[in-house]
Protein chains: 2
Amino acid sequence: MATLKLRILFNEAMFGPGKAELLEGIRDTGSIAAAGRQMQMSYKRAWMLVEEMNAAFIQPLVASTRGGPGGGGAQLTETGHDVLRLYHDIVDRALAASAGQICILEAMLTPPGNNDVAEGK
Amino acid sequence: MATLKLRILFNEAMFGPGKAELLEGIRDTGSIAAAGRQMQMSYKRAWMLVEEMNAAFIQPLVASTRGGPGGGGAQLTETGHDVLRLYHDIVDRALAASAGQICILEAMLTPPGNNDVAEGK
């Protein structure tokens, strides 16, 4: 079955698969740096995304203490957990609501491993 | 209201907002080059995306005659129109099915123009 990569564009903010994955990494590792590393993301970029998310929402999504080389700790706030749950709920509902149409599209695709034939048309 | 940028990942193919916009441009301009230009995309990249789409589907989405500097013509095939309609249907259904959750997320956002306050937290 196909999967959906879904990005939500608000007036001034954006939330999508990358930020969701970063929040999950922070939840699972307790560290912004470690969460970023799992995604091949620089420490600086991971921090920037966290600061962007914390500024975009009324309540911060991540609570952290900036640490030295050993690293500070970080965890999701209640709002962070809520946002992550809402995002996954949105993706699940989107997929369920469009499964029929996605299935029709899928049936129109060149069968796997058959691209040479299609390109030869 | 928020909008959704939605990318569908199949086993070996991917279809999202960029390809949809390119197809719309081809439909509206009758030219792959002109459609690419509208999106600040190189001629080469626009052609590559069209070839990728034509190979991904059993029937090609775009019928074209490669032209000289004056350019050849291009138009959507019936399959191209079908794929575009299905994609927009998927986005509309996804948005409708998750409107409640998106609304909850939206209510959690820092009000527009209030980012300085949020960053000062």
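Up top is the structure.
Residues numbered from 1 in each chain as written. Chains lettered and ligands numbered in written order. Predicted model: local features only at pLDDT ≥ 70, side-chain atom pairs only at ≥ 80, totals over all residues. Heavy atoms only, no water.

Participant: I'd like a rundown of the overall build of chain A, residues and numbers included.
Facilitator: Helix and strand counts for chain A come out as five helices and four strands. Put simply, chain A runs from its N terminus to its C terminus through helices and strands in the order β-β-α-α-α-β-β-α-α. Per-residue burial over chain A gives 45% buried out of 121 residues. Carbon and sulfur atoms form 52% of the exposed surface of chain A, whose accessible area is close to 6300 Å². (Helix = DSSP H or I, 4+ residues; strand = E, 2+ residues; numbered from the N terminus. Buried < 20%, exposed > 50% of the residue type's maximum accessible area, 1.4 Å probe, protein only. Areas by Shrake-Rupley, 256 points an atom, 1.4 Å probe, with all protein chains shown as cover.)

Participant: Explain the packing of helix 1 (residues 17–29) of chain A against helix 3 (residues 43–56) of chain A to me, and be specific about the residues and the numbers.
Facilitator: Residues and elements named next belong to chain A. Between helix 1 and helix 3, the shortest axis-to-axis distance is 11 Å and the interhelical angle comes to 100 degrees. Of the possible angle classes, the one that applies to helix 1 and helix 3 is roughly perpendicular. Where helix 1 abuts helix 3, its residues Lys19, Leu22, Leu23 and Ile26 lie against Ala46, Leu49, Val50, Glu52 and Met53. Tallied by class, residues from the contact of helix 1 with helix 3 come to seven nonpolar, no polar and two charged. (Axes fitted to C-alpha atoms, helices over the stretch in contact; angles between N-to-C directions. Parallel < 35°, antiparallel > 145°, perpendicular 65-115°, else oblique. Contact = heavy atoms within 4.5 Å. Nonpolar A, V, L, I, M, F, W, Y, C, P; charged D, E, K, R; others polar.)

Participant: Which residues make up the interface of chain A and chain B, and what are the values?
Facilitator: Listed per partner, the contact involves 42 residues of chain A and 42 residues of chain B. Contact between chain A and chain B buries roughly 4000 Å² in total, counting both sides, with carbon and sulfur atoms accounting for 67%. For the interface between chain A and chain B, the tally reads zero salt bridges. Across the chain A-chain B interface, the total number found is 13 residue pairs in polar contact (both at pLDDT 80 or more). Within the residue set of the side of chain A that touches chain B, elements represented by two or more residues are strand 1 (3–9), helix 3, helix 4 (78–107) and helix 5 (115–119) of chain A. For the side of chain A that touches chain B, the element with the most residues is helix 4 of chain A, which contributes 16 residues. (Buried area = accessible area lost by both parts, 1.4 Å probe. Salt bridge = Lys/Arg side-chain N within 4 Å of Asp/Glu carboxyl O. Polar contact = N/O pair within 3.5 Å; in protein donor to acceptor, adjacent residues only side chain to side chain.)

Participant: Can you break down the pattern of salt bridges residue by residue, with the values?
Facilitator: Residue and element names in this part refer to chain B. Applying the stated rule across the entire model yields eight salt bridges over all chains. The shortest N-O distance in the salt bridge between Arg85 and Asp82 comes to 3.3 Å. Remark: Asp82 and Arg85 occur in helix 4 (residues 78–97); sequence separation between them is three residues, near one turn of the helix. Exposure remark for Asp82: the relative accessible area of 23% places this residue in the partly exposed category.

Participant: Can you lay out the packing of aromatic side chains for me, pointing to particular residues and giving the numbers?
Facilitator: Residue and element names in this part refer to chain A. Evaluated as defined, the whole model comprises two aromatic pairs over all chains. Between Phe15 and Tyr87, the aromatic rings sit 5.2 Å apart at their centres with planes inclined by 70 degrees, giving edge-to-face as the arrangement. One end of the pair, Phe15, is in strand 2 (residues 14–15); the other, Tyr87, is in helix 4, with 72 residues separating them in the sequence. With relative accessibility at 4%, the residue Tyr87 sits in the buried group. (Phe/Tyr/Trp six-rings, centres within 6.5 Å; stacked < 30°, edge-to-face > 60°.)

Participant: Give a detailed account of the nonpolar core, specifying residues and quantitative values.
Facilitator: Among soluble globular proteins, nonpolar side chains are generally buried collectively. The biggest cluster of nonpolar side chains holds 74 residues, and the ones touching the most others in it are Ile8(A), Leu22(A), Ile8(B) and Leu22(B). With nine residues, the top contributor of residues to this core is helix 4 of chain A. The contact partners of Ile8(A), leaving out residues within four places of it in the chain, are Ala13(A), Met14(A), Phe15(A), Tyr87(A), Ile90(A), Ala2(B), Thr3(B), Leu4(B), Ile102(B) and Leu105(B). (Core = buried A, V, L, I, M, F, W, Y, C linked by side-chain atoms within 4.5 Å.)

Participant: Give a detailed account of the relation of the copies chain A and chain B, specifying residues and quantitative values.
Facilitator: The two copies are related by a screw operation: chain A maps onto chain B through 180 degrees of rotation and 0.0 Å of translation along the axis, at an RMSD of 0.0 Å. Taken together, the rotation angle and the small translation identify this as a two-fold axis. For chain A, the minimum C-alpha distance to the rotation axis belongs to Ala94(A) and amounts to 1.9 Å. Take the interface residues of chain A: 100% of them recur as interface residues in chain B, which is what a same-surface contact looks like. (Least-squares fit on C-alpha atoms with pLDDT ≥ 70 in both.)

Participant: Describe the environment of Gly30(B), naming the residues involved and giving the relevant values.
Facilitator: All names here are of chain B. By secondary structure assignment, the location of Gly30 is in the loop between helix 1 (17–29) and helix 2 (32–38). Looking at Gly30, the relative accessible area reads 26%, which means it is partly exposed. It is 17 Å that separates the C-alpha atoms of Gly30 and Met48, two residues lying 18 residues apart in sequence.

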